[in-house]
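The residues making up each chain are set out below.
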Amino acid sequence: MKKLDKKFVIFIAFMVVVLLVPFVVTNSYMLRVLCNVMIYSIIALSINLIVGYSGQLDFGRAAFVGLGSYCSAILFTTLHVPFILSFLAGGLFSALFGALLGMLCRYSSFDYLTLITIGFSEICRKIFQNWYAVTNGSFGFRTSRPEFFGFVFDTPASMYYFCLVILALCYIAIRRITKSKYGRAYMALRDDSIAASYAGIDVKKFKLNCFVIASFFTGIAGALMAHFTTFISPTVYTTDESLLELQMAILGGLGSLPGSILGAAILTIVPEVSRAAYEYRLLIMGVMMVVLMLFAPKGLLGRGGVWDKVVALIKKKSSTSKNK
Amino acid sequence: MLLEVENLVVKYGEITALSNISLQAEEGQLTTLIGSNGAGKTTLLKALSGLHKPASGKIIFDGKDITNCSADQIVHLGISHCPEGRRVFPRQTVHENLRMGAFVRKDKEVEKDIEKYYRWFPRLEERRNQKAGLLSGGEQQMLAISRALMSKPKLLLLDEPSMGLAPLVVEEVFKIIDEVHQEGTTIFLVEQNARQALKIADKGYILEVGEIIGHDNAEALLNSDDVKKAYLGA
């Protein structure tokens, strides 16, 4: 009970800090970076669900971000559908394509999911680029800020809170999924698909529904991104971007939800901080990834990752000093 | 008859692993299938639980043809498979493993049943919040058996429960299987350790290189000279 209280206190303190940020940080650039962190956190969380929980490898998440972005932006900005509907439609549209793609995999084999997602993300990018009538091609188009009953989220601080609320809702939902019967089924088929089928789990069906659910959250993140940056163009939804998003989930630690947020934060903030050394940015990120994979392949907060090792080390130190 | 296998043929590509297998398991009985390495024991269980589709023949369970059912459908119908090598979910806790076993159940009695198996296996209760991968081989076997029973099966398939265990632990595991049987569960036990298996079984089949070469009640098999020579090392 005591341990739980401690966790709760840390959580409350963290929430207070997060809520107070816009009062302390008035620099709009900083707030924009933080919004980006939160949007990428949602994407990394959805990747974590696919890669970390159900154990499939997805190289094309950016395509689903793009589907959510374009769907929500076109509905809201071009067709003037109420914001809340177009925003949710962004998620559902992405989930729909997740389902189509997942069906293909279900009738072939999920072993090919990685290749199929790479192909799919290239197809999507080409469509975004060339379907002028709908997407305005590579010029992209301006999108409007989120709007609820006449209230427009047009200041950096209001956008910060908007992103925060969406991230919190997504986090809670994904956490609930991972703690539910479904979440345990995903983990079971990740660890041993044969034993999972002996337990009565339809392995392919559960891989499929995990993929669809994750695609919904990716789409929501995409919709959020479209209305946050107020401009969308196909250049954002490339395979490079997919790999970066995958890196976030791996860096933070697969299977750890707070890890995904940490991973997104690091891989969003480091490039911003190292803007001065612009030419070396990729080098810095590359070295970071290599070092991490060499010394902590489980990521920062994953099971057996850096954090676990540090905790184990401290415990060992304190117990040996007690013995002295 | 709870389980009836008729003229089952199972192939791996071109190679015939099982030819013309026919056998029966009666409700409430413990039927055992003994045979040496490579005889096709595990293959037969894989066919029964829907993991490997037979080339021809029929599997009838509880009056229903399940030959072409998928593995998860078969679990829903009431066959639970406790696999060779235990295959517990290593990164889930003991308690979570047991709950996974009850995945197909929709009733509210799951926690109550878990407590029941904790009473049977106090060692599992001691380790309820430990990761299953950290248990000893014997404990994992107890967990695998309880997990298989958690789906409340009409028929329990046990594949080599003695594999990789120390002799004393093997004794213990067989005692447990006997108790499970006494409780009224129908069991189909596949085992290399013929003596142990026949001691607790009602009926036995002998499998040799993909064919059933004989069957009888267990006691008769234990005392038959052929079986003694080939499988009991006497």
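So, a few notes on the structure that sits alongside this text. Note that the coordinates shown come from a computational prediction; the quantities given were computed from them, not determined experimentally.

What counts and what doesn't
Residues numbered from 1 in each chain as written. Chains lettered and ligands numbered in written order. Predicted model: local features only at pLDDT ≥ 70, side-chain atom pairs only at ≥ 80, totals over all residues. Heavy atoms only, no water. Helix = DSSP H or I, 4+ residues; strand = E, 2+ residues; numbered from the N terminus. Rg over C-alpha atoms; globule rule 2.2 N^0.38 Å. Buried < 20%, exposed > 50% of the residue type's maximum accessible area, 1.4 Å probe, protein only. Contact = heavy atoms within 4.5 Å. Lys, Arg positive; Asp, Glu negative; His and termini not counted. Charge placed at Lys NZ, Arg CZ, Asp CG, Glu CD. Buried area = accessible area lost by both parts, 1.4 Å probe. Salt bridge = Lys/Arg side-chain N within 4 Å of Asp/Glu carboxyl O. Polar contact = N/O pair within 3.5 Å; in protein donor to acceptor, adjacent residues only side chain to side chain. Axes fitted to C-alpha atoms, helices over the stretch in contact; angles between N-to-C directions. Parallel < 35°, antiparallel > 145°, perpendicular 65-115°, else oblique. Left-handed = near helix turned anticlockwise from the far one by under 90°. Nonpolar A, V, L, I, M, F, W, Y, C, P; charged D, E, K, R; others polar. Pairing = 2+ DSSP bridges.

What follows deals with the overall build of chain A. If you tally the helices and strands in chain A, you get 14 helices and four strands. The globule rule puts the C-alpha radius of gyration for 324 residues at 20 Å, and the 20 Å found for chain A is close to it. C-alpha extents for chain A along the principal axes are approximately 75 × 55 × 40 Å. A buried classification covers 48% of the 324 residues belonging to chain A. For chain A, the share of sequence-separated contacts (at least 6 apart) that also reach a separation of at least 24 residues comes to 74%. One finds the centroid of the 30 positive side-chain charges in chain A at a distance of 11 Å from the centroid of its 15 negative side-chain charges.

Our focus in this paragraph is the overall build of chain B. Counting its regular elements, chain B contains ten helices and ten strands. The C-alpha radius of gyration computed for chain B amounts to 17 Å, which stays within 12% of the reference 17 Å derived for 234 residues, consistent with globular compactness. Across its three principal directions, the C-alpha atoms of chain B cover 45 × 40 × 30 Å. For chain B, with 234 residues in total, the buried portion stands at 54%.

Another point: the interface of chain A and chain B. With 19 residues of chain A at the interface, the matching set in chain B holds 22 residues. Here chain A packs against chain B, burying approximately 2,000 Å² in sum over the two surfaces, 60% of which is carbon and sulfur. Interface area lost by chain A to chain B is led by A:K181, A:R184 and A:Y198, which between them contribute 37%. Across the chain A-chain B interface, the total number found is two salt bridges. Taking the shortest distance from any N to any O, the salt bridge between A:D191 and B:R91 comes out at 3.1 Å. The tally of links between chain A and chain B comes to five residue pairs in polar contact (both at pLDDT 80 or more). Sorting the residues of the side of chain A that touches chain B by element identifies helix 8 (181-191) and helix 9 (193-198) of chain A as the ones contributing at least two each.

All names here are of chain A. Viewed as axis vectors pointing N to C, helix 4 (residues 83-107) and helix 5 (residues 113-130) meet at an angle of 140 degrees, and their least axial separation amounts to 10 Å. As far as their axial angle goes, helix 5 and helix 4 are oblique. The crossing of helix 4 and helix 5 is right-handed. Taking contact as the criterion, the partners of F97, L101 and C105 in helix 4 are, on helix 5, L113, I116, T117 and F120. A per-class count over the contact of helix 4 with helix 5 returns six nonpolar, one polar and no charged.

To continue, consider the pairing of strand 9 (residues 203-208) of chain B. Consecutive side chains of a regular strand alternate in pointing toward one face of the sheet and then the other. Residue and element names in this part refer to chain B. In terms of residue burial, strand 9 counts as a mostly covered element, since five of its six residues are buried. Note: strand 3 (residues 30-34) against strand 9, four bridges, orientation parallel. Residue pairing in the sheet places T32 in a bridge with G204 of strand 9. Here strand 9 folds back onto strand 10 (residues 211-217), and the loop between the two strands holds two residues, one of which, V209, carries a positive phi near 35 degrees.

Once that is clear, we can look at the environment of A:G222. Residue and element names in this part refer to chain A. When you line up the elements, G222 lands in helix 10 (residues 203-229). Sequence separation between G222 and S69 is 153 residues; the distance between their C-alpha atoms is 4.4 Å. Ignoring sequence-local partners within four residues, the contact set of G222 consists of V65, G68 and S69.

The next thing to look at is the sheet that holds strand 4 (residues 56-61) of chain B. Residue and element names in this part refer to chain B. Strand order across the open sheet formed by four strands is 2-1-4-5, with antiparallel pairing between neighbours. Every other strand in the sheet has two partners, leaving strand 2 (15-25) and strand 5 (64-65) as the edge strands with one partner each. Across seven bridges, strand 1 (residues 3-12) lies against strand 2 in antiparallel orientation. Paired with K11 across the strands is T16, a residue of strand 2.

On to the side chain of B:E139, then. Residue and element names in this part refer to chain B. Relative to the assigned elements, E139 resides in helix 6 (residues 137-149). Reaching out from E139, the side chain makes a polar contact with the backbone nitrogen of S136 at a distance of 3.0 Å. When sequence neighbours within four positions are dropped, the list of residues in contact with E139 reads R123, L124 and R127.

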